[in-house]
Amino acid sequence: MAQQVSVDISRRGGGHDPGSAESCPKCSQLLDSDELAANLMVCSHCGHHFPITSRERIGQLADEGSWTEMAANLRSADPLEFYDLRPYVERIEEAEYDTGLSEAMLVGTARLHKMDVVLAVMDFRFMAGSMGSVVGEKFWRAAERAVETRFPLVAVCASGGARMQEGLLSLLQMAKTTCAVEMLSQAPVPFVTVLTHPTTGGVLASYATLADVIMAEPGSLISFSGPRVIEQTIKEKLPEDFGRAESNLNHGQIDMIVERAELKNRLVQVLGMLEGGVACALQPLWEEEAGPAGRRGAFAQTLERIKSFAHTPWRSS
Amino acid sequence: MRKRLSELSRLPTLPGVHLRDEASKIKRRLHELGGGGRGDSSAAWEKVKLARHADRPYTLDYIGLMFPGFIELRGDRCFANDPAIVGGLAAYQGRTLMVIGHQKGRDLASRTQRNFGMPRPEGYRKAQRLMALADKFGIPILTLIDTPGAFPGIAAEERGQGGAIASTLMRMTRLRVPTVAIIIGEGGSGGALALALADRVLMLENSVYSVITPEACAAILWRDAKEARPAARALKMTSADLEELEVIDGVLPEPRGGAHRDHEGAARIVKEALEENLRELEMIHPQARRQERLEKFRRIGVWRENGLTLF
């Protein structure tokens, strides 16, 4: 379940060092840190997508000042009193210190080009983006909020799998997040996932692949088993493109690969299209709700919102 | 020291008070003194070995001993028939039951054919097909879980191993018929869970159920796969540990000496548990049963919020 996947996350504190240079791991080009950040942490030479933190992601997606975090007080407990070479509590404290985060997922509400959404963004730096009780509960609350408000849910995934230190409780978060997706689909509220490098194990085998539309960033590793585990099992070296987003697209496992610069527009377009359908389905209910007095309720607001996307810039890709 | 530790963990976390440093110091000391927490590593490792015992009854053994008739149904209608998961219609007290379970082999040839009980995506898609079939005709479902995990291979990934497990979980949340899952041997991570999102989840006494195999856990956290013994203890994967954590619905005691010594006895115990649980579940309205299932998995998790530990 939990995977060993190597991801270069040298920018530990999050953000970049102004004025310094960084070399692209793919094309070895030396890149100016400020320019790299301005280019959304994408290599201007070869298009390599550097891993980014959850806060950077939210900064790139959410309209200025629109992000409101929820469930920020949730912290991991240590139900198993887990101890390997070090106690679990120490590993959590270290992750909190290194990342300035309280867990491997941030959830909240935001607006994307004026469209209200609920965002759930994972952070690989926090214990390899592993899913334990807190990640499961935060995802549940995000889904619950999406159902209450009828805002679509966008989940950005980056995970090594279920968190070993919480044992079966972590494994069962797969069941819990699946139940949350089922709640979304009963509503129905649109649910889109963005799989980033790397999305593996229990997160891939639960909510990440249960979305209405699955997007991925170029070059992301998307694989249930880690490459090392597979190599050990089949006793062969894996091809370079194994499990990458491009290979997943060819094998029909994802809908599209979206470059970081295009992500926000794509999300708004797809969600707008899905909501258009939801709105049509809800139209009779809306009329009923409005009644003779013409009261504007939740459904009316949904329709209003969809109309407001009409100006959203459409670009082909 | 244990008493002090539990006192500490009961105190709310206050800003500026570093109780957790104190707690982790005590935990480290306890660990050095041996034992670490409840249970010791050799007992947990014994259970892992028992759960994997080559003479333990497997899914088809239980089916043969529990039901007078069984018709196996095969294939996912897309790609292949995965022999690592078997399923079909069983005659059960004058009516029908859908039984789906992981299947291991007994000798080299059958072990290879069954892929050591490690399913590929087509196995999970077959399971989904059979679940949909059972749901259509109101046939209750029994799943028997016994796998080291889903198969890690290139082709399995290309055919969407992760997505196949996820969509099986989703299918189980939607079922209107009663579902009972019993861990009969190894409950190995996502590959096991895929068949275990059920109204009732029971474990045989000597079975294990875990997020990761102790060997793989040791390889990552201890950086040495040979440290599987302490990993088995730390993961709290035995039926007793999991009952204490309240993440399963019950433990079924095995016949004297273990299920591998007495297949008939084990099958009798499983059948009785099935009967009792189905009787209870069938009294609930399908809609309510489904809602209860969602609620049950929704509640799973332990975290701290505003200084309080919540279960």
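Residues numbered from 1 in each chain as written. Chains lettered and ligands numbered in written order. Predicted model: local features only at pLDDT ≥ 70, side-chain atom pairs only at ≥ 80, totals over all residues. Heavy atoms only, no water.

1. What about the overall build of chain B?
Reasoning step 1: A tally of helices and strands in chain B yields 14 helices and ten strands.
Reasoning step 2: Every one of the 311 residues in chain B was classed for burial, and the buried ones make up 55%.
Reasoning step 3: In chain B, the proportion of contacts linking residues at least 24 apart, taken out of those at least 6 apart, comes to 71%.
Reasoning step 4: When the accessible surface of chain B is summed, it comes to about 13200 Å², and 53% of that surface belongs to carbon and sulfur atoms. (Helix = DSSP H or I, 4+ residues; strand = E, 2+ residues; numbered from the N terminus. Buried < 20%, exposed > 50% of the residue type's maximum accessible area, 1.4 Å probe, protein only. Contact = heavy atoms within 4.5 Å. Areas by Shrake-Rupley, 256 points an atom, 1.4 Å probe, with all protein chains shown as cover.)

2. Thoughts on the nonpolar core
Reasoning step 1: Core analysis: the largest hydrophobic core is formed by 140 residues, its most contacted members being Phe139 and Tyr207 of chain A together with Tyr209 of chain B.
Reasoning step 2: Per element, the largest residue contribution to this core is eleven residues, and it comes from helix α5 (residues 167-186) of chain A.
Reasoning step 3: Formed by 25 residues, the second largest nonpolar core is a distinct cluster that contains Ile63, Ala267, Leu274 and Leu281 of chain B. (Core = buried A, V, L, I, M, F, W, Y, C linked by side-chain atoms within 4.5 Å.)

3. Quick notes on the interface of chain A and chain B
Reasoning step 1: Every contact between the two is made by 65 residues of chain A and, on the other side, 58 residues of chain B.
Reasoning step 2: The largest share of the area that chain A buries against chain B comes from Tyr83, Met164 and Leu168 of chain A, three residues that together contribute 12% of it.
Reasoning step 3: Linking chain A with chain B are five salt bridges.
Reasoning step 4: One salt bridge in this structure joins Glu182 of chain A and Arg174 of chain B, with 2.6 Å as the shortest N-O distance.
Reasoning step 5: Our enumeration of links across chain A and chain B arrives at 16 residue pairs in polar contact (both at pLDDT 80 or more).
Reasoning step 6: Of all elements in the fold, only β4 (74-76), α3 (88-99), α4 (133-149), α5 and α7 (227-234) of chain A reach the threshold of two or more residues within the side of chain A that touches chain B.
Reasoning step 7: The leading source of residues in the side of chain A that touches chain B is α5 of chain A, at 16 residues.
Reasoning step 8: Its residues placed into classes, the side of chain A that touches chain B shows 33 nonpolar, 19 polar and 13 charged. (Buried area = accessible area lost by both parts, 1.4 Å probe. Salt bridge = Lys/Arg side-chain N within 4 Å of Asp/Glu carboxyl O. Polar contact = N/O pair within 3.5 Å; in protein donor to acceptor, adjacent residues only side chain to side chain. Nonpolar A, V, L, I, M, F, W, Y, C, P; charged D, E, K, R; others polar.)

4. Remarks on the pattern of salt bridges
Reasoning step 1: Under the defined criterion, the tally for this structure stands at 34 salt bridges over all chains.
Reasoning step 2: Between Glu217 of chain A and Arg260 of chain A there is a salt bridge, with its nearest N and O atoms 2.9 Å apart. Here Glu217 of chain A is found in the loop between β9 (213-216) and β10 (222-223), whereas its partner Arg260 of chain A is found in helix α9 (residues 260-290), with 43 residues between them in sequence.
Reasoning step 3: Given the relative accessible area of 4%, Arg260 of chain A is considered buried.
Reasoning step 4: One salt bridge connects Glu46 of chain B with Lys49 of chain B, and the closest N-O pair in it is separated by 3.6 Å. Within this pair, Glu46 of chain B and its partner Lys49 of chain B are both found in helix α3 (residues 41-51), separated by three residues, close to a single helical turn.
Reasoning step 5: Each of Glu137, Arg141, Glu144 and Lys176 of chain A together with Arg298 and Glu305 of chain B takes part in a single network of salt bridges with overlapping partners.

5. Examining the environment of Leu73 of chain B
Reasoning step 1: Position of Leu73 of chain B among the secondary structure elements: in the loop between β1 (70-72) and β2 (85-92).
Reasoning step 2: A sequence separation of 56 residues divides Leu73 of chain B from Arg129 of chain B, and the C-alpha atoms of the two residues are 9.9 Å apart.

6. Brief notes about the confidence of the model for chain B
Reading fine detail from the predicted coordinates is not recommended where pLDDT is low.
Reasoning step 1: Looking at chain B, pLDDT values average 91 and 86% of them are 70 or higher.
Reasoning step 2: The model gives residues 13-17 of chain B a pLDDT under 50, and that stretch makes two contacts with residues more than four places away or in other chains. (pLDDT = per-residue confidence, 0-100.)

7. Quick notes on the state of the cysteines
All names here are of chain A.
Reasoning step 1: Under the definition given, this model contains zero disulfides over all chains.
Reasoning step 2: Note on Cys43: no disulfide assigned, nearest cysteine sulfur contributed by Cys46 at a separation of 3.7 Å.
Reasoning step 3: Relative accessible area serves as the criterion here: at 2%, Cys43 is assigned to the buried category. (Disulfide = S-S within 2.5 Å.)

8. Observations regarding the packing of helix α8 (residues 161-174) of chain B against helix α14 (residues 286-298) of chain B
Residue and element names in this part refer to chain B.
Reasoning step 1: For the pair α8 and α14, the least separation of the axes is 8 Å and the interaxial angle reads 135°. Classified by the angle their axes make, α8 and α14 are oblique. Along its contact with α8, which presents Met172, Thr173 and Arg174, the element α14 presents Arg290, Arg293 and Leu294.
Reasoning step 2: For the contact of α8 with α14, the per-class residue count stands at two nonpolar, one polar and three charged. (Axes fitted to C-alpha atoms, helices over the stretch in contact; angles between N-to-C directions. Parallel < 35°, antiparallel > 145°, perpendicular 65-115°, else oblique.)

9. Focus: the packing of aromatic side chains
Two aromatic rings, taken as a pair, are described by how far apart their centres are and by the angle between their planes.
Reasoning step 1: Scanning the entire structure with this criterion turns up three aromatic pairs over all chains.
Reasoning step 2: With centroids separated by 6.2 Å and ring planes inclined at 70°, the aromatic side chains of Phe67 of chain B and Tyr92 of chain B adopt a geometry described as edge-to-face. Here Phe67 of chain B, found in the loop between α4 (59-66) and β1, pairs with Tyr92 of chain B, found in strand β2; they are 25 residues apart in sequence, far enough to count as distant. Tyr92 of chain B shares its class with Phe67 of chain B; the two are buried.
Reasoning step 3: Following the ring pairs from residue to residue traces out a cluster consisting of Phe139, Phe191 and Tyr207 of chain A. (Phe/Tyr/Trp six-rings, centres within 6.5 Å; stacked < 30°, edge-to-face > 60°.)

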